[in-house]
Amino acid sequence: MRLSVPRSVLADHLQVVSRAIPSRSTVPVLEGVLFESDGNRMTLAATNLEIGISTSFAVSHTETGKVVLPAKVVDIIKRLPGESVQINVDTANYHTDIKSGQADFQLYGTSGDEFPAVKAREDETPVCTFTIKIEELRRMLRQTLFSVSYEEGKGAFNGVFFSLKEEKISLSSSDTFRLATTSGAVQNKNGKDADFLIPGRILQEVNRIFDDEDDVITAALYGGRFFLSCGGKEAGFRLLDDNFPNVSRVIPSDFYARASVDAISLQRALERAVLLSDGINQVVRLAVEQDMLTIRAASKYGRIQEKLPLSMEGEKLEISLNARFMLDMLKNCEGEACSLDFVGHNKPCVMRDPLHPQFLYMVLPVKT
Amino acid sequence: MGKIVLLDENTANKIAAGEVVDRPASVVKELVENSLDAGATRVDVAVAGGGLELIRVVDDGCGLAPEDVPLALQRHATSKIRTAEDISRVLTLGFRGEALPSIAAVSRFRLATRQPSDLAGTLALVEGGRILALEEHGCPAGTEISVKDLFFNTPARLKFIKSEGAETAKITDTVQRLALSRPDISISLTVNGRPLLTTAGNGSLADVCCQVYGRQAVKLFLPVDWQGAKLRLTGYVSHPSLARANRSLQSFFVNKRFVRSPLLSDALQTAYQTLLTRGRFPAAVLFITADTAEVDVNVHPAKREVRFSGERDVYRDVLAGVRQALKNDLLVHKMTHQSLERSLPERAVWPATSQAFSFAAEQAALPYFATADPASATPAAAESRQDEGSFPVLAVLGRAAGGYILAQKDTGDLYIIDQHAAHERVLYELLLDEAQSGQLPVQEIVPLVFQFDPVSAQSLEKSLKILARAGLTFESFGNNSFILRTVPLFYRHCLNQDEIQEMLAATAETGEEPALFEETVKMMACQAAIKADQVLAREEMSSLLSDLRGAKQPYTCPHGRPTTMLITAPELAKFFRRR
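Computed from a predicted model, the values in this text were never measured in an experiment.

Colleague: Help me understand the overall build of chain A, please; the structure alone is not making it clear to me.
Modeller: What chain A contains, in helices and strands, is 8 helices and 28 strands. Among the 368 residues that make up chain A, the fraction classed as buried is 54%. For chain A, contacts bridging at least 24 residues in sequence account for 65% of all contacts bridging at least 6. Here chain A has roughly 17,000 Å² of accessible surface; of this, 46% comes from carbon and sulfur atoms.

Below, the structure is given as C-alpha cells:
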C-alpha cells in the first residue's frame, strides 16, 4: 500500500477514530488504527469493541491494501512538519514508512486481516433504519444522557433506551432515582419499529464524532449493533442486553398540581441551597402554594429558606427532593420557564421544558 | 429367687468413678480442689505419662485427722456439708464426697496426711479400692496424694484415653484454670520432671495471667470491674486483636469455681459484636461473684456446669461489664517494635543485638498493669482512661496505595487507617442510628421488579417489615416476585438481584429479627462505603477521620476488621535505634 495525502486531512480523520482506540486491550490488534485503501478511498477504523468508529476519504494514485498501525500514529501525523504525508507499507512485514517534510518515521505495523469489522456489512438487512437531523439527535441525547447511571454494573440503567415507532423515536434514561424521556422526528426508511438500549458512556461520543456540518444522519440497527453514519463517518455502538422499565407505566399521568416557575431563578436558588449540603445529602424541601414556591434546606452547617414567585393550578403541597437531580434538568432546560407537575405530598415531581414539550423529567421524592 | 442385689461398695465406687473420674485431668482437678478447700497456700502437682503413670498432689493444707482417713475413703463422706440444705450455701469447691473413693477405686492410691497440730500423720495405701494399709506415718503437715497406674483395673476406660500428649494438655489446661481461679495460692505443675507452671500466690491475677498466657498476650488484656445488681464481675478480657478461632482462651469462674457456661460465653461474644470477625473469640478471664443462693453448681458431677436463678440479669451484667471495659480502652491495633521486626523479611539485616534489644524493651515495659489493677483504679483514673479511649485528633499526612490513610497525632504517633473499613464504620453507625430512631430518610426509586426462587421469596416475605425499617421497601408482587420501591437516602445504590440474594442468605443463618436488621445495615454500609482503590483528596481524608472520631466504636468496621493501626512515636524511635 502506498499513498500520499494532505497531512491536515489525515490528522482530522485520525482524530475522529482515535476516540475508539482502547488504551490497553487483551487483543493487541485493537491497540491500533486500521488503514485500508481500495484504490479510490482511504478508510481509517478503530474499535474497543464497545464502540467502533470508521471514517473514509477520497485519495488518488494509491495501491490497495491494509495495515494496522500503533495508536501512536495519531500523534505522529499531527506533529509531522510537511504539508503532505507519504505512507508506504511493506506488504511483506507491514513495516510502514511515513514521510513528511524532512521527517521519516518507520512504524512496525501488523496485518489488518485480524482487525474486527467496524462497519456494518452491506449485504445484511437492517432490523430498522431511519434518518434524523443531527441537531435533533444531539438535543435528545442532551436531554437524556445526564440521568444515565455511570456506575459500573447497573444493567439497563447504564444505557439510553431507544424506542422507534413509525416516524418518531423516543429516548429514555434513568439511574433509578430520576428518569428522563424525550422524543424526536425521524424518517423511517423501512417502516419497521424497534426498541434497543445503548450504553450511555459510548453515546457521549456522538457529539465528538459528528458536528453540525453533518446535517442528516442515517441510523440503522443490525443484529447486535446500532450504526450512525454520515458522509464518510460511521460509528457502531454495542447494545446492552437488559430490560429497561416500562416508561409509560412509571410516569404518572394524573396531576394534583401544576406549576410554572422561572427556570433561571429556580436554578440559582437551588444552587444556593445545595451549598449547605452535607455529603450525599442534597435534599431540599419544596413548599408549593398558589403563587409562591418556598425552598428550604438544612444540614449540620445551617439552614436556608428562599421564596420564588410561581403560578400554580391545584392544591398546595410539600415535597422533599434531591436538589442535585433538579439542577441536572434545569441546566438542560432551554425555555425561560420550567414547569413542575406534582402528584401529591411526597410523590414524584415531573419537570418539563416548555420549549421542548417532548422532554419530560421525573424526580422521585425523598421521604424523611 | 430375686434377681436384684445391692451392689457392693467397690462396684459402686467404680461406677461413680465413671462419672467423676473420666480421665487423668479430672483426677488432677478433684485433688487440687480438695487441696484448695483444705486451705492450702501452696499446691504442687506432678504428673508423668500423661497422668496415667503418676499424679502427685502435695499441699500444705489442714490435713486429715487419723480417724477421718478411713471415712474419707468412703463414698459420700465429706467434711464440707452436713445436710442437703448446705449445698445451696456451699463455698467449697467439692462437697459430694465422691472424689477420693472414686479415684482410689481405679488406681494404686497413696495418701499421706498430717494435721499441723498432730505429732504423727497417717498413711493409707489403697489398690483398686481395697485398703492395703492404714498406719501411723511421719510426714509434713498437709496432704500428699499419689495416684499411680490410673485405670489399671478398668481396661475399657483405659482404651478411651487419648495420647499422652493430649492428656498432658488437658491436665495443663486444668491446672492453669485452677491457678487462675486462685491467684492467692501458689500452684505449680511439673510434667515428667519438667516444671511447666509456677504461680507466685501473691494474690495478683495479672501475674497468674502472665504465667498462663504469656507476657505479650497480657499486654493486650483490659481490666473488667463491674458491679451489677446481684453480682460483681471482675477479671480481664482481651483487646480484639488477641482472638482465637475457638474459645480456648476463655475461662469463667463463678464464685472462684471454673465453669463452662454457654450463657456467659454468649454474653461475652455479644459484647464484642462488630469488633471481631465471624468465628473469632476473644480471650477472657472473668470472675463472677454472686450470692451462693443465686447459683446452682450441683448440676453435673464434676460441677463444670452452673445454673443461675436470674439468667437474664447475669447475661445483662456480663455484657455491660465487658462493654464498659472495651469502651474504656483505646481499641486501636498497636504495631509494636517487636511485631514490626517480626514482619521484616530479612532478619540478617537485624543482627543479634535486635534480639537482646527486644528483650530489654520487654523488660522495660514490665509495669504493664500499673493502671490495670481494678482495685487501684480510682474514679479519676477511670476518667482519664475514658478520655484516652476516644479516637484522637489526627492530621492527615497522605495516603498509601491500597487505600490506607496515613495520619499523625500531635504526640508524633503514626496512625494508619483503612479508608474503606473506616467509612464503613461511619456509615454503619449513621444508618443504624437513623434506622433505630425511625428517622431514616429514604429515596424513592423507579420501581424495580425482582424475581426470586421460592425459598428466597419466602424469607424475603418474612423480612419485609425489618427491611423497611432499614430503608428498603419491598412490596410483594405475587408469584415470588417483589418490587423494590425505596432505598436509604445516603445509600444511593440500587440493589441488584445478586446483592439481595446474598443479603437474604447471610441473614438466613441467624434468622432472628435484630440480627437480620443489623446484617442488612452492615451489608449496605459495606456496599456504600468508599472502596480501597478510590483516591481521596486530603480534605476528604480529614473529613473521614473526623467522622470516625465521632463514631461510637471507631476501631473496627462492623464486620470486626480493624480500621486503625498505631505505631507510637517511641516505637518508631526504638525501631530506628534512636533510643
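Having put the structure on the table, let's press on.
Colleague: For this particular structure, what's the right way to read the pattern of salt bridges?
Modeller: Residues and elements named next belong to chain A. The full count for this structure, using the stated rule, is 33 salt bridges over all chains. The shortest N-O distance in the salt bridge between Glu63 and Arg2 comes to 3.5 Å. Linking Glu63 in the loop between strand E4 (51–58) and strand E5 (65–70) with Arg2 in strand E1 (residues 2–6), this pair joins segments that are 61 residues apart in sequence. Overall, the relative accessible area of 42% leaves Glu63 in the partly exposed class. Between Arg208 and Glu205 there is a salt bridge, with the nearest N and O atoms lying 3.5 Å from each other. Take Glu205: its relative accessible area is 12%, and that puts it in the buried class. One network of salt bridges, in which partners are shared, links Arg19, Glu205 and Arg208.

Colleague: What am I meant to see in the packing of aromatic side chains here?
Modeller: Any pair of aromatic rings gets described here by the distance separating the centres and the angle formed by the planes. A full pass over the atoms with the stated rule returns 16 aromatic pairs over all chains. Ring centres 5.7 Å apart and planes at 75° place the aromatic pair A:Tyr222 and A:Phe227 in the edge-to-face group. Each member of the pair, A:Tyr222 together with A:Phe227, is buried. A network of ring pairs unites the aromatic residues A:Phe130, A:Phe162, A:Phe196 and A:Phe226 as a single cluster. Lying over the aromatic face of B:Phe152, B:Arg108 brings its terminal NZ or CZ to 4.1 Å of the ring centre.

Colleague: Whenever I open this one, the nonpolar core confuses me. Can you help?
Modeller: Nonpolar side chains in soluble globular proteins tend to be buried together. Membership of the largest hydrophobic core comes to 72 residues, with the highest contact counts inside it found for A:Ile295, A:Met351 and B:Phe474. Counting only domains with at least three residues in this core, you end up with domain 2 (128–248) and domain 3 (252–363) of chain A. Apart from the residues lying within four places of it in its own chain, the contact partners of A:Ile295 are A:Leu266, A:Ala269, A:Leu270, A:Ala273, A:Val284, A:Arg285, A:Leu286, A:Ile304, A:Gln305, A:Glu306 and A:Leu308. Counting 63 residues, the second-largest nonpolar core is a separate cluster that includes A:Met42, A:Val67, A:Val74 and A:Ile77.

Colleague: Hey, could you run me through the confidence of the model for chain B in this one?
Modeller: Interpretation of the predicted coordinates at a detailed level should be avoided for regions scoring low in pLDDT. Residues and elements named next belong to chain B. Confidence in the prediction for chain B averages 78 pLDDT; 80% of positions are at 70 or higher. Long-range and interchain partners of residues 340–388, a stretch whose pLDDT sits below 50, account for 49 contacts in this model, where long-range means more than four residues apart. This complex was scored by the predictor with a pTM of 0.59 and an ipTM of 0.71.

Colleague: Would you explain helix H2 (residues 24–37) of chain B in this entry?
Modeller: Given 3.6 residues per turn, any residue in an α-helix points the same way as the ones three and four places further on. Residue and element names in this part refer to chain B. Here H2 is 14 residues long and its end C-alpha atoms lie 20 Å apart, about the 20 Å a rise of 1.5 Å per residue gives. Across the 14 residues that make up H2, a large majority, 12, are buried. Taken together, the buried positions of H2 are occupied by Pro24, Ala25, Ser26, Val27, Val28, Lys29, Glu30, Leu31, Val32, Glu33, Ser35 and Leu36. Backbone geometry just after H2 places Gly39 at a positive phi near 75°.

Colleague: Explain empty space enclosed by the protein to me, please; I cannot follow it from the model alone.
Modeller: Gaps left between atoms are located by rolling a probe of water-molecule size over the structure's atoms. Residue and element names in this part refer to chain B. Going through the model one piece at a time under the given rule, you end up with 2 cavities of 30 Å³ or more. Estimated volume of the second largest cavity: approximately 80 Å³. If you trace the second largest cavity, you find it lined by Lys230, Leu231, Ala290, Glu294, Phe308, Ser309, Gly310, Asp313 and Val314. Classifying every residue of the lining of the second largest cavity by side-chain character gives 4 nonpolar, 2 polar and 3 charged.

Colleague: How should the sheet that holds strand E22 (residues 302–309) of chain A be read in this particular structure?
Modeller: Where strands meet in a sheet, backbone hydrogen bonds hold them as pairs that are either parallel or antiparallel. Residues and elements named next belong to chain A. Strand order across the open sheet formed by 4 strands is E22-E21-E20-E24, with antiparallel pairing between neighbours. Strands with a single pairing partner mark the edges of an open sheet, and in this sheet they are E22 and strand E24 (317–322). Taken over all neighbouring pairs, the strand axes of this sheet differ in orientation by 20° on average, direction set aside. Pairing between strand E20 (residues 283–288) and E24: 6 bridges, direction antiparallel. By the bridge assignment for E24, Leu286 is matched with Ile319.

Colleague: What's the story with the interface of chain A and chain B in this structure? I'm lost.
Modeller: Interface size, as often reported, equals the accessible area lost upon joining of the parts. Counting residues at the interface gives 23 residues for chain A, matched by 16 residues for chain B. Counting each side, the surface lost to burial between chain A and chain B is near 1,600 Å², with a carbon and sulfur contribution of 63%. A salt bridge links B:Glu444 to A:Lys367; the nearest nitrogen and oxygen atoms lie 3.2 Å apart. Counting across the interface, chain A meets chain B through 6 residue pairs in polar contact (both at pLDDT 80 or more). A breakdown of the residues in the side of chain A that touches chain B according to their chemical character gives 12 nonpolar, 8 polar and 3 charged. Relative to strand E22 (residues 442–451) of chain B, strand E28 (residues 366–367) of chain A runs antiparallel, the two sharing 2 bridges. Among the inter-strand pairings, A:Val366 is bridged to a residue of E22(B), identified as B:Gln443.

Colleague: How do you make sense of the sheet that holds E22(B) when you look at a structure like this?
Modeller: Strand order across the open sheet formed by 4 strands is E28(A)-E22(B)-E24(B)-E23(B), with antiparallel pairing between neighbours. Every other strand in the sheet has two partners, leaving E28 of chain A together with strand E23 (473–476) of chain B as the edge strands with one partner each.

Colleague: Would you take a moment to explain the environment of A:Ala257 for this structure?
Modeller: Residues and elements named next belong to chain A. Residue placement: Ala257 occurs in strand E19 (residues 257–262). Under the relative-accessibility criterion, Ala257 is labelled buried at 1%. Residues Ala257 and Val288, spaced 31 residues apart in sequence, show a C-alpha to C-alpha distance of 9.0 Å.

Colleague: How do you make sense of the side chain of A:Ser56 when you look at a structure like this?
Modeller: All names here are of chain A. Position of Ser56 among the secondary structure elements: in strand E4. At 3.2 Å, the side chain of Ser56 and the side chain of Arg41 are in polar contact. For Ser56, the contacting residues outside a window of four places in its chain are His13, Arg41, Met42, Thr43 and Gly232.

Colleague: Just checking my understanding: could you explain unusual backbone geometry for this structure?
Modeller: Residue and element names in this part refer to chain A. Positioned with a positive phi, Thr176 is a non-glycine residue whose angle comes to about 80°. For Thr176, the position within the fold is in the loop between strand E12 (168–174) and strand E13 (178–185). Residue Asn346 is not a glycine yet carries a positive backbone phi of 50°. Inspection of the secondary structure puts Asn346 in the loop between strand E25 (337–342) and strand E26 (349–353).

Colleague: Explain the pairing of strand E6 (residues 142–148) of chain B here, please?
Modeller: Both faces of the sheet carry side chains from a regular strand, because those side chains alternate between them. Residues and elements named next belong to chain B. In terms of burial, E6 is a largely internal element, 5 of the 7 residues being buried. Direction of pairing for strand E2 (residues 54–59) relative to E6: antiparallel, over a ladder of 6 bridges. Each residue of the ladder has a partner; that of Ile55, found in E6, is Val147. Pairing analysis gives 7 bridges linking strand E3 (residues 108–114) to E6, with the strands arranged antiparallel. Its bridge partner being in E6, Leu111 is matched across the sheet by Ile145.

Rules used in this analysis
- Residue indices begin from 1 for each chain and proceed along its sequence in written order.
- Starting at A for chains and at 1 for ligands, labels are handed out in the order in which the entities are written.
- Only residues with pLDDT of at least 70 are given local features in this predicted model, and only at 80 or more are side-chain atom pairs given and counted; all residues enter the totals for whole chains, interfaces and linings.
- Hydrogens and water molecules were not included; the side-chain quantities draw on all heavy atoms of the structure.
- Helix and strand definitions follow DSSP, with helices as H or I runs of at least four residues and strands as E runs of at least two, each counted in order from the N terminus.
- Whether a residue is buried, partly exposed or exposed follows from its accessible area with a 1.4 Å probe, protein chains only, as a fraction of its type maximum: under 20%, in between, or over 50%, in that order.
- Contact definition: two residues touch when any of their heavy atoms are within 4.5 Å.
- Computed by Shrake-Rupley with a 1.4 Å probe, the accessible areas treat only the displayed protein chains as cover when residues are assessed.
- Take a side-chain nitrogen of Lys or Arg and a carboxyl oxygen of Asp or Glu: if they are within 4 Å of each other, that pair is a salt bridge.
- Each Phe, Tyr or Trp ring (for Trp, its six-membered ring) is paired with any other whose centre lies within 6.5 Å, and the angle between the two planes then decides the class: stacked below 30 degrees, edge-to-face above 60, tilted in between.
- Definition used: whenever NZ (Lys) or CZ (Arg) falls within 6 Å of the ring centre and also within 35 degrees of the ring normal, the charge is taken to sit over that ring.
- Nonpolar cores were defined as sets of buried Ala, Val, Leu, Ile, Met, Phe, Trp, Tyr and Cys residues, with membership established by side-chain atoms within 4.5 Å.
- Where each domain starts and ends comes from a domain assignment, either automatic or drawn from a database.
- In predicted models, pLDDT denotes the confidence assigned by the predictor to each residue on a 0 to 100 scale.
- Expected helix span is computed as 1.5 Å times (number of residues minus one).
- Using a 1 Å grid laid over the protein atoms alone, points where a 1.4 Å probe fits but cannot get out form a cavity; open sets with protein on both sides within 12 Å along at least 5 of 7 lines form a pocket; any residue with an atom within 4 Å of a point counts as lining.
- Grid points are joined across faces, edges and corners, and a volume is the space filled by probe spheres set on the points.
- Note on residue classes: Ala, Val, Leu, Ile, Met, Phe, Trp, Tyr, Cys and Pro are nonpolar, Asp, Glu, Lys and Arg are charged, and everything else, Gly too, is polar.
- Any two strands between which DSSP finds at least two bridges are classified as paired.
- Axis definition: a line fit to C-alpha positions, over the contact stretch in the case of helices; interaxial angles, taken between N-to-C directions, run 0 to 180 degrees.
- Take the accessible area each of two parts loses on contact, using a 1.4 Å probe, and add the two losses: that sum is the buried area.
- In the analysis that follows, any N or O atom pair within 3.5 Å is treated as a polar contact, provided that within protein one partner can donate a hydrogen and the other can accept it, and provided that, for residues neighboring in sequence, both atoms belong to side chains.

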